[in-house]
Amino acid sequence: MMNGMGNMQQMMKQAQKMQKQMGEEQEQLNAQEFIGNAPDDMVTATFTGDKKLKDISINPEAVDADDVEMLEDLVVAAVNNGIAKIDDATQKTMGKYTKGLGM
């Protein structure tokens, strides 16, 4: 009976250690910057790892009053590219914790 309790305590300690590591790694991800780019770097969007937009930069050449749709498309492309980079980094960093859990 005691052996079973020892194993349970050991499992709890391991779970707490893993939870602490996950939190630390998530904090590190959140502190990183990710830059999304539109084609030819006409628009760049800078994000934090928790997907908050910090900055957006628009090349003056991308601004054409007669073609606002092109600028909108470039902004969308840069934002989506930045979010994809965050998702990729998150999967590489945090994926080891969810592997095999059906998440």
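Above: the structure in question.
Scope of this entry: the structure provided in the associated data block. (Residues numbered from 1 in each chain as written. Predicted model: local features only at pLDDT ≥ 70, side-chain atom pairs only at ≥ 80, totals over all residues. Heavy atoms only, no water.)

1. Section: the side chain of glutamate 25
As a reminder of what qualifies: Runs of H or I in DSSP of at least four residues are treated as helices and runs of E of at least two as strands, each being numbered from the N terminus. Only heavy atoms matter for contacts: two residues are in contact if any of them lie within 4.5 Å across the pair.
Considering the arrangement of structural elements, one finds glutamate 25 in helix H1 (residues 2–31). Excluding its chain neighbours within four sequence positions, the residues that come into contact with glutamate 25 are Thr93, Met94, Lys96 and Tyr97.

2. Some words on unusual backbone geometry
Where we set the bar: The buried label goes to any residue with under 20% of its type's maximum accessible area, the exposed label to any with over 50%, and the partly exposed label to all in between, with areas taken from a 1.4 Å probe on protein chains only.
Positioned with a positive phi, aspartate 40 is a non-glycine residue whose angle comes to about 60°. Note that aspartate 40 resides in the loop between strand S1 (33–37) and strand S2 (43–48). On the basis of relative accessible area, aspartate 40 is assigned to the exposed category, the value being 73%. One non-glycine residue, lysine 51, lies in the positive phi region at around 65°. Lysine 51 gets classed as partly exposed once you look at its relative accessible area, which sits at 42%.

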